[in-house]
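Next come the chains, spelled out residue by residue.
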Amino acid sequence: MNSPLIQLLVLAGIAVFLILRLKNVLGTREGFEKPPVSDQSPAPRSGGPAFEVIEGGPDLDITDHVPADSTSGKALAEMKRLEPSFGVSDFLQGARGAYEMIVMGYERGDLKEIQPFLAEDVYESFVDGVAAREDQGLTIDANFIGVREMELVDARLDETTKEAEMTIRFVGELTSEVRNREGEVVEGSSTEIKRQKDTWVFARIMGSDDPNWLLVSTDG
(Lines give C-alpha, C1' and ligand atoms only; values in the text may rest on other atoms or scores of the structure.)
Protein backbone atom coordinates (compact mmCIF):
# COMPACT_ATOMS: atom_id res chain seq x y z
CA MET A 1 0.00 0.00 0.00
CA ASN A 2 1.53 3.26 -1.07
CA SER A 3 2.13 6.22 1.20
CA PRO A 4 -0.60 8.58 -0.18
CA LEU A 5 -3.27 5.95 0.39
CA ILE A 6 -2.13 5.40 3.96
CA GLN A 7 -2.27 9.14 4.64
CA LEU A 8 -5.79 9.30 3.17
CA LEU A 9 -7.02 6.48 5.41
CA VAL A 10 -5.49 8.12 8.46
CA LEU A 11 -7.17 11.44 7.68
CA ALA A 12 -10.50 9.66 7.11
CA GLY A 13 -10.20 7.96 10.50
CA ILE A 14 -9.46 11.25 12.21
CA ALA A 15 -12.51 12.83 10.51
CA VAL A 16 -14.80 10.02 11.70
CA PHE A 17 -13.43 10.36 15.24
CA LEU A 18 -14.03 14.12 15.28
CA ILE A 19 -17.59 13.69 13.95
CA LEU A 20 -18.40 11.19 16.71
CA ARG A 21 -16.93 13.47 19.38
CA LEU A 22 -18.89 16.46 18.05
CA LYS A 23 -22.09 14.43 18.10
CA ASN A 24 -21.50 13.43 21.71
CA VAL A 25 -20.91 17.06 22.71
CA LEU A 26 -23.99 18.33 20.90
CA GLY A 27 -25.99 15.52 22.43
CA THR A 28 -25.38 16.92 25.95
CA ARG A 29 -26.35 20.53 25.09
CA GLU A 30 -29.62 20.31 27.03
CA GLY A 31 -27.69 20.74 30.29
CA PHE A 32 -27.04 24.42 29.39
CA GLU A 33 -30.47 25.26 28.03
CA LYS A 34 -33.26 26.85 30.02
CA PRO A 35 -36.08 24.38 30.63
CA PRO A 36 -39.38 25.22 28.98
CA VAL A 37 -41.42 27.64 31.09
CA SER A 38 -44.81 26.39 32.02
CA ASP A 39 -47.57 28.81 32.91
CA GLN A 40 -48.00 28.29 36.64
CA SER A 41 -49.75 31.56 37.39
CA PRO A 42 -52.94 31.06 39.36
CA ALA A 43 -56.16 31.28 37.45
CA PRO A 44 -58.12 34.47 38.12
CA ARG A 45 -60.98 34.20 40.51
CA SER A 46 -64.35 34.55 38.99
CA GLY A 47 -65.74 38.02 39.44
CA GLY A 48 -62.45 39.36 40.87
CA PRO A 49 -59.19 40.87 39.58
CA ALA A 50 -56.57 38.70 37.92
CA PHE A 51 -53.91 39.65 40.50
CA GLU A 52 -54.05 40.37 44.19
CA VAL A 53 -52.22 43.45 45.48
CA ILE A 54 -50.25 42.71 48.63
CA GLU A 55 -49.69 45.70 50.90
CA GLY A 56 -46.04 46.56 51.59
CA GLY A 57 -44.44 46.57 55.01
CA PRO A 58 -43.89 49.58 57.25
CA ASP A 59 -42.07 52.62 55.88
CA LEU A 60 -38.63 52.29 57.45
CA ASP A 61 -37.91 55.94 56.63
CA ILE A 62 -40.55 56.71 59.26
CA THR A 63 -40.30 53.80 61.70
CA ASP A 64 -36.55 54.25 62.07
CA HIS A 65 -37.36 57.49 63.90
CA VAL A 66 -40.88 57.29 65.35
CA PRO A 67 -43.58 54.62 65.69
CA ALA A 68 -45.73 54.43 62.56
CA ASP A 69 -49.01 54.64 64.51
CA SER A 70 -47.94 57.62 66.62
CA THR A 71 -49.12 61.16 65.98
CA SER A 72 -45.70 62.01 64.57
CA GLY A 73 -45.65 58.89 62.41
CA LYS A 74 -49.03 59.69 60.88
CA ALA A 75 -47.98 63.30 60.28
CA LEU A 76 -44.80 62.15 58.51
CA ALA A 77 -46.79 59.73 56.35
CA GLU A 78 -49.08 62.58 55.29
CA MET A 79 -46.07 64.80 54.53
CA LYS A 80 -44.70 62.10 52.24
CA ARG A 81 -48.09 61.77 50.58
CA LEU A 82 -48.23 65.51 49.89
CA GLU A 83 -44.63 65.57 48.70
CA PRO A 84 -43.39 62.14 47.53
CA SER A 85 -39.79 63.36 47.23
CA PHE A 86 -39.68 64.16 50.96
CA GLY A 87 -37.60 61.80 53.08
CA VAL A 88 -37.36 61.87 56.87
CA SER A 89 -33.75 60.65 56.93
CA ASP A 90 -32.80 63.17 54.24
CA PHE A 91 -34.42 65.95 56.27
CA LEU A 92 -32.54 64.96 59.42
CA GLN A 93 -29.26 64.91 57.54
CA GLY A 94 -29.98 68.42 56.29
CA ALA A 95 -31.01 69.53 59.78
CA ARG A 96 -27.69 68.33 61.15
CA GLY A 97 -25.80 70.51 58.67
CA ALA A 98 -28.13 73.46 59.28
CA TYR A 99 -27.57 73.19 63.03
CA GLU A 100 -23.80 73.57 62.67
CA MET A 101 -24.15 76.42 60.17
CA ILE A 102 -26.65 78.37 62.28
CA VAL A 103 -24.84 77.85 65.59
CA MET A 104 -21.54 78.97 64.15
CA GLY A 105 -23.13 81.91 62.33
CA TYR A 106 -24.56 83.17 65.62
CA GLU A 107 -21.38 82.51 67.62
CA ARG A 108 -19.30 84.46 65.11
CA GLY A 109 -21.90 87.19 64.69
CA ASP A 110 -22.15 86.51 60.95
CA LEU A 111 -25.90 86.40 60.34
CA LYS A 112 -25.99 87.28 56.66
CA GLU A 113 -25.45 83.74 55.39
CA ILE A 114 -27.91 82.11 57.78
CA GLN A 115 -30.73 84.67 57.44
CA PRO A 116 -32.47 82.74 54.60
CA PHE A 117 -32.91 79.79 56.99
CA LEU A 118 -34.38 81.76 59.88
CA ALA A 119 -37.94 82.88 60.49
CA GLU A 120 -38.20 86.65 60.88
CA ASP A 121 -38.67 86.67 64.66
CA VAL A 122 -35.80 84.21 65.17
CA TYR A 123 -33.54 86.33 62.98
CA GLU A 124 -34.43 89.45 64.96
CA SER A 125 -33.64 87.72 68.26
CA PHE A 126 -30.27 86.67 66.83
CA VAL A 127 -29.59 90.26 65.73
CA ASP A 128 -30.40 91.49 69.24
CA GLY A 129 -28.10 88.91 70.81
CA VAL A 130 -25.17 89.79 68.55
CA ALA A 131 -25.75 93.52 69.09
CA ALA A 132 -25.75 93.05 72.87
CA ARG A 133 -22.37 91.31 72.68
CA GLU A 134 -20.94 94.06 70.53
CA ASP A 135 -22.19 96.73 72.92
CA GLN A 136 -20.26 95.01 75.71
CA GLY A 137 -17.18 94.73 73.53
CA LEU A 138 -17.26 90.96 73.59
CA THR A 139 -16.03 88.72 70.79
CA ILE A 140 -16.34 84.95 70.52
CA ASP A 141 -13.84 82.55 69.03
CA ALA A 142 -15.68 79.27 68.52
CA ASN A 143 -14.92 75.93 66.89
CA PHE A 144 -17.63 73.38 66.13
CA ILE A 145 -16.64 69.82 67.00
CA GLY A 146 -19.74 67.93 65.93
CA VAL A 147 -23.30 66.81 66.72
CA ARG A 148 -23.11 64.23 69.50
CA GLU A 149 -26.83 63.44 69.58
CA MET A 150 -29.83 64.27 67.43
CA GLU A 151 -33.42 63.12 67.90
CA LEU A 152 -36.69 63.74 66.12
CA VAL A 153 -38.90 64.70 69.05
CA ASP A 154 -42.13 65.61 67.28
CA ALA A 155 -43.66 66.05 63.83
CA ARG A 156 -46.88 67.90 63.08
CA LEU A 157 -48.82 68.87 59.98
CA ASP A 158 -51.56 71.48 59.68
CA GLU A 159 -54.14 69.89 57.40
CA THR A 160 -55.48 73.28 56.33
CA THR A 161 -52.28 75.18 55.55
CA LYS A 162 -50.11 72.08 54.81
CA GLU A 163 -47.44 73.59 57.07
CA ALA A 164 -45.21 70.94 58.59
CA GLU A 165 -43.26 71.39 61.81
CA MET A 166 -40.36 69.18 62.88
CA THR A 167 -39.02 69.43 66.43
CA ILE A 168 -35.42 68.26 66.74
CA ARG A 169 -33.31 67.91 69.86
CA PHE A 170 -29.59 68.49 69.33
CA VAL A 171 -26.60 67.95 71.56
CA GLY A 172 -23.67 69.73 69.96
CA GLU A 173 -20.04 69.83 70.98
CA LEU A 174 -17.90 72.93 70.48
CA THR A 175 -15.21 75.07 72.01
CA SER A 176 -16.01 78.70 72.72
CA GLU A 177 -13.77 81.45 74.06
CA VAL A 178 -15.24 84.85 74.94
CA ARG A 179 -12.88 87.85 75.04
CA ASN A 180 -13.44 91.42 76.17
CA ARG A 181 -12.24 94.63 74.51
CA GLU A 182 -8.78 94.14 75.98
CA GLY A 183 -8.56 90.66 74.46
CA GLU A 184 -8.77 88.94 77.83
CA VAL A 185 -10.62 85.62 78.08
CA VAL A 186 -13.66 86.19 80.30
CA GLU A 187 -15.52 82.98 79.60
CA GLY A 188 -14.94 79.56 78.05
CA SER A 189 -11.78 77.97 76.73
CA SER A 190 -10.28 77.16 73.36
CA THR A 191 -9.35 73.69 74.59
CA GLU A 192 -12.29 72.70 76.77
CA ILE A 193 -15.13 71.08 74.82
CA LYS A 194 -18.59 72.04 76.01
CA ARG A 195 -21.89 70.39 75.20
CA GLN A 196 -24.71 72.60 74.02
CA LYS A 197 -28.28 71.32 74.14
CA ASP A 198 -30.88 72.85 71.84
CA THR A 199 -34.43 71.97 70.85
CA TRP A 200 -35.30 73.58 67.56
CA VAL A 201 -38.44 73.64 65.46
CA PHE A 202 -38.20 73.77 61.67
CA ALA A 203 -41.23 74.58 59.51
CA ARG A 204 -42.15 74.44 55.83
CA ILE A 205 -45.22 74.30 53.58
CA MET A 206 -45.26 70.81 52.08
CA GLY A 207 -45.48 70.77 48.31
CA SER A 208 -44.24 74.35 47.95
CA ASP A 209 -41.58 75.34 45.43
CA ASP A 210 -39.28 76.61 48.18
CA PRO A 211 -37.26 73.62 49.45
CA ASN A 212 -35.85 75.42 52.51
CA TRP A 213 -37.05 74.67 56.02
CA LEU A 214 -37.06 77.70 58.31
CA LEU A 215 -35.97 77.67 61.94
CA VAL A 216 -39.07 79.04 63.66
CA SER A 217 -38.31 78.33 67.31
CA THR A 218 -35.25 77.80 69.51
CA ASP A 219 -35.17 76.47 73.04
CA GLY A 220 -31.81 75.90 74.70
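In case you missed it, the structure is sitting above this.
Nothing here was measured: the structure is a model prediction, and the numbers come from that model.

A. Inspection of the pairing of strand S3 (residues 185-205) at higher detail. Relative to S3, strand S2 (residues 163-179) runs antiparallel, the two being bridged by 16 bridges. The residue bridging Arg169 from the neighbouring strand is Thr199, located in S3. In this antiparallel pair of consecutive strands, S2 and S3, the connection spans 5 residues, and Gly183 shows a positive phi of 85 degrees. Bridge analysis of S3 against strand S4 (residues 214-219) gives 5 bridges, and the strand direction is antiparallel. What sits directly across from Trp200, in S4, is Thr218.

B. Fine view of the nonpolar core. Ranked by internal contacts, the top residues of the largest apolar core, which has 40 residues, are Leu76, Met79, Phe86, Phe91, Met166 and Phe202. The element contributing the most residues to this core is helix H4 (residues 88-108), with 9 residues. Look past the residues within four positions of Leu76 in its chain and what remains in contact with it is Ile62, Val66, Phe86, Val88, Leu152, Ala155 and Met166.

C. Representation of the sheet that holds S2 within the structure. Pairing is antiparallel across the open sheet formed by 4 strands, whose spatial order is S1-S2-S3-S4. If you trace the sheet from one side to the other, it starts and ends with strand S1 (139-157) and S4, each paired once. Neighbouring strand axes in the sheet, compared pairwise and without regard to direction, differ in orientation by 30 degrees on average. Pairing between S1 and S2: 16 bridges, direction antiparallel. Counterpart to Leu157 in the pairing with S2 is Ala164. Along the sheet, H4 makes contact with S1, S2, S3 and S4, crossing S1 at roughly 145 degrees.

So, how was this worked out
- Residues numbered from 1 in each chain as written.
- Predicted model: local features only at pLDDT ≥ 70, side-chain atom pairs only at ≥ 80, totals over all residues.
- Heavy atoms only, no water.
- Pairing = 2+ DSSP bridges.
- Helix = DSSP H or I, 4+ residues; strand = E, 2+ residues; numbered from the N terminus.
- Core = buried A, V, L, I, M, F, W, Y, C linked by side-chain atoms within 4.5 Å.
- Buried < 20%, exposed > 50% of the residue type's maximum accessible area, 1.4 Å probe, protein only.
- Contact = heavy atoms within 4.5 Å.
- Axes fitted to C-alpha atoms, helices over the stretch in contact; angles between N-to-C directions.

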